[in-house]
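Commentary on secondary and tertiary structure
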Amino acid sequence: MPIMMDEGTELSLTIAQIVQRLKGTNLHSQIERHANECLHQPDIKLESLKEDVRDFLKTSGWERKLQNAVYRELHVQPPPGHPAAPPEHLKEPLAYMRKAQASWEKRILKSLNSMGVELGIPLARKRPALEQKELANKWNEMSTDEPDLSQFRPVYAPKDFLEVLISLRNPNHDCSEEISAASHWGLIQVPLHVRDVAQIREAYSELSLTSGQLGIDDHTHVNPDLFESHYVRVGKKVVSEQDSAAAQQYSRQGCPTGLRADLWALILNSTNEPEDVMHYEQLMAGVIQHDLLVDNLIYKDVKLTASNDDYYFVFEDYLYQVLLCFSRDTAVLEHFSYNSATPPKSYIQGKVGAESRAVVYPPNGVVPFHGFSMYVSPLCFLYNEPSKLYSVFREMYVRYFFRLHSISSAPSGVVSLCLQFETLLQAHLPQLFYHLREIGAQPLRIAFKWMVRAFSGYLSTDQLLLLWDRVLGYDSLEIVAVLAAAVFAFRAENLMEVTSLASAEAVLADLSTLKVMPLIQIFLFATVI
């Protein structure tokens, strides 16, 4: 049972944690420098020094930048745990989830190591000078390369991960107690709390039928042209104010195409300052100097997914650049403090078993799997400057995407999303759920691949971006599970006719013509349950 803290203690711990994290950052030193410089200005008086400096920081925009940085910390970092709680509880409070994640990590690392041994390829090697020069010259046209990747296989695919989630059980929970007419018919058999339809309706009230939505062409209550022109004006004001919290609230009703890139960067507090560009260039230099085994997995994944996609094949070069740099970025390791996963380690120079010779591999601690590049692809439509694209993707990853491939009890974690999807579908359409289950076509077996990629590669890009607007707006992946259930509801009539998993998959094979917001609205607000 968790040990609770009173609100005052929790707040003071949160403040201390944020102050500690922002100390020593570039923002901290810039604010300090500007505060020092303003002391020489005539309107700064000694008797009102504190107030005058604060006013100066406010009018010069630094206070807003600090607010946005604090807002980011509040969204990214988990609330402070009880001082008596062990550190692994911050990563994942449930022991059986921690155990399952550790066992899954062992499988991934074993697969990676055995691939290296089989193919006789080291995990990392320094490139000879000539190879470094060649790579630097063709950095912007890596897609013209056709390396032989036939021997490389993805370390795992979403369906392998799904099997692990299906086998999860809480050892302290007796499932036999709950076998009744209302029991859960799905594949996920762990007792996590997920919201019911009424709670979801309340949480997503901005998506209701009476609110203006970008992503719905004809709106009955408001002239759509009128709504859009007014909404764009408000959006421009939000961008000019540079307020992360306002941008997040605004994004709940969708972002106009021309403002989306700025709004997303603002919500994520993702900057493209000279130091961000320099960080990206350092990562690029690291790629040019060293060749990693995982680079081949990245090449292979892009070739298997984005290169064959009608929307994304043009971005192949950007994908290589961003993903190769991402694999070298040790700043990503920070997110493991609140991720149930632990970065994999390998041994250098043959010193197997010597802990002092163990290093995190790949350097960012993230082993790419089949479909990983699809987390980046949609962002290429918004950002054409590699360093900006990179910083937005990294922030999206450490806030959201990591949750889609690690085992945890977090509300936005993939286990909760699967359970949320099954619970919603069973409540909405029990006959359909029962029918699919009886013919061996469990709905989750079809929907899992959509959810693990947050629908990237399945929806048309304009619709996917409207979905991700809401992920950012509500700071949660829960809407992904809602949409997955809504897709089944939309195709329910056809699905009631199918007699096998293969025919059910055929009915749901092409989602590229679907309109996201009408589906979600009808499912949540226009259906009587």
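Preceding block: the structure.
Residues numbered from 1 in each chain as written. Predicted model: local features only at pLDDT ≥ 70, side-chain atom pairs only at ≥ 80, totals over all residues. Heavy atoms only, no water.

**A word on the overall build of the chain**
In terms of regular secondary structure, the chain is built from 24 helices and four strands. Considering the chain as a whole, with its 529 residues, one finds that 50% of them fall into the buried category. Counting contacts in the chain only where the partners sit at least 6 residues apart, residues at least 24 apart contribute 77% of the total. When the accessible surface of the chain is totalled, it reaches about 25,200 Å², and 55% of it is carbon and sulfur. (Helix = DSSP H or I, 4+ residues; strand = E, 2+ residues; numbered from the N terminus. Buried < 20%, exposed > 50% of the residue type's maximum accessible area, 1.4 Å probe, protein only. Contact = heavy atoms within 4.5 Å. Areas by Shrake-Rupley, 256 points an atom, 1.4 Å probe, with all protein chains shown as cover.)

**A closer look at the packing of aromatic side chains**
For any pair of aromatic rings, the description rests on two quantities: the centre-to-centre distance and the angle between the ring planes. Inspection of every chain in the model, using the stated rule, returns 28 aromatic pairs. Measuring from centroid to centroid gives 5.0 Å for Phe315 and Phe381, while their planes differ by 75°, and the two rings are edge-to-face. Of this pair, Phe315 sits in the loop between helix H14 (293–304) and helix H15 (316–328) while Phe381 is found in the loop between strand E4 (358–360) and helix H16 (386–399), placing the two residues 66 residues apart along the sequence. Of the residues examined, Phe315 reaches a relative accessible area of 13% and is grouped as buried. The exposure class assigned to Phe381 is partly exposed, which follows from its relative accessible area of 38%. Between the aromatic rings of Phe326 and Tyr397, the centroid separation amounts to 5.2 Å while the plane-to-plane angle is 70°, which identifies the pairing as edge-to-face. With Phe326 in helix H15 and Tyr397 in helix H16, this residue pair connects regions lying 71 residues apart in the sequence. (Phe/Tyr/Trp six-rings, centres within 6.5 Å; stacked < 30°, edge-to-face > 60°.)

**What about the nonpolar core?**
Within the largest apolar cluster, 153 residues are counted, with the highest numbers of intra-cluster contacts made by Phe393, Trp450, Phe455 and Phe488. Per element, the largest residue contribution to this core is 10 residues, and it comes from helix H21 (residues 478–490). Discounting chain neighbours no more than four positions away, the residues touching Phe488 are Phe421, Leu425, Leu432, Leu436, Pro443, Ile446, Ala447, Trp450, Leu495 and Leu508. (Core = buried A, V, L, I, M, F, W, Y, C linked by side-chain atoms within 4.5 Å.)

**Concerning the environment of His405**
Tracing the backbone through its elements, the reader meets His405 in the loop between H16 and helix H17 (414–428). Taking C-alpha positions, His405 is 10.0 Å from Gln101, a pair spaced 304 residues apart along the chain. Apart from the residues within four sequence positions on either side, His405 is in contact with Trp104, Tyr156, Phe161, Val366, Phe369, Phe372, Tyr375 and Tyr397.

**With respect to the packing of helix H20 (residues 461–474) against helix H24 (residues 516–525)**
Orientation of H20 relative to H24, taken along the N-to-C sense of each, is 50°, at an axis distance of 9 Å. Considering the angle they form, H20 stands oblique to H24. Contacts between H20 and H24 involve Gln463, Leu467 and Arg470 from the former and Val516, Met517 and Ile520 from the latter. (Axes fitted to C-alpha atoms, helices over the stretch in contact; angles between N-to-C directions. Parallel < 35°, antiparallel > 145°, perpendicular 65-115°, else oblique.)

**Remarks on the packing of H20 against H21**
For any two helices packed against each other, the geometry comes down to the angle between their axes and how far apart the axes lie. It is the contact of H20 with H21, at a shortest axis distance of 8 Å, that shows an interaxial angle of 140°. The orientation of H20 with respect to H21, classified from their angle, is oblique. Residue-level inspection shows Leu467, Arg470 and Val471 of H20 in contact with H21, the latter providing Ile479, Val480 and Leu483. Class assignment of the residues belonging to the contact of H20 with H21 gives a composition of five nonpolar, no polar and one charged. (Nonpolar A, V, L, I, M, F, W, Y, C, P; charged D, E, K, R; others polar.)

**Here's the deal with the pattern of salt bridges**
Two side chains with opposite charge may pair up if their charged atoms get near one another. In this structure the tally under the stated criterion is 15 salt bridges. Between Arg125 and Glu131 there is a salt bridge, and its shortest N-O distance comes to 2.8 Å. The class for Arg125 is partly exposed, based on a relative accessible area of 29%. Connected via shared salt-bridge partners are Arg125, Arg127, Glu131, Asp291, Asp295 and Arg328. (Salt bridge = Lys/Arg side-chain N within 4 Å of Asp/Glu carboxyl O.)

**Things to note about the environment of Ala265**
Inspection of the secondary structure puts Ala265 in helix H12 (residues 260–268). Its relative accessible area of 6% is what places Ala265 among the buried residues. Taking C-alpha positions, Ala265 is 8.8 Å from Ser244, a pair spaced 21 residues apart along the chain. The residues contacting Ala265, other than those within four sequence positions of it, are Ser270, Tyr383, Lys388 and Val392.

**Focus on the side chain of Ser456**
Take Ser456: it is sitting in the loop between helix H19 (443–452) and H20. Note on Ser456: relative accessible area 0%, which makes it buried. A distance of 2.6 Å separates a polar atom in the side chain of Ser456 from the backbone oxygen of Met374. The residues touching Ser456, leaving out its near neighbours within four places in the chain, are Tyr312, Met374, Pro378, Leu464 and Trp468. (Polar contact = N/O pair within 3.5 Å; in protein donor to acceptor, adjacent residues only side chain to side chain.)

**Section: unusual backbone geometry**
The omega torsion of the bond from Tyr361 to Pro362 falls at -10°, within 30 degrees of zero and hence cis. Considering the arrangement of structural elements, one finds Pro362 in the loop between E4 and H16. With a phi angle near 55°, Asn269 is a residue other than glycine that sits in the positive phi range. Topologically, Asn269 is positioned in the loop between H12 and helix H13 (274–289). Since its relative accessible area comes to 23%, Asn269 is described here as partly exposed. With a phi angle near 75°, Phe455 is a residue other than glycine that sits in the positive phi range. Along the chain, Phe455 turns up in the loop between H19 and H20.

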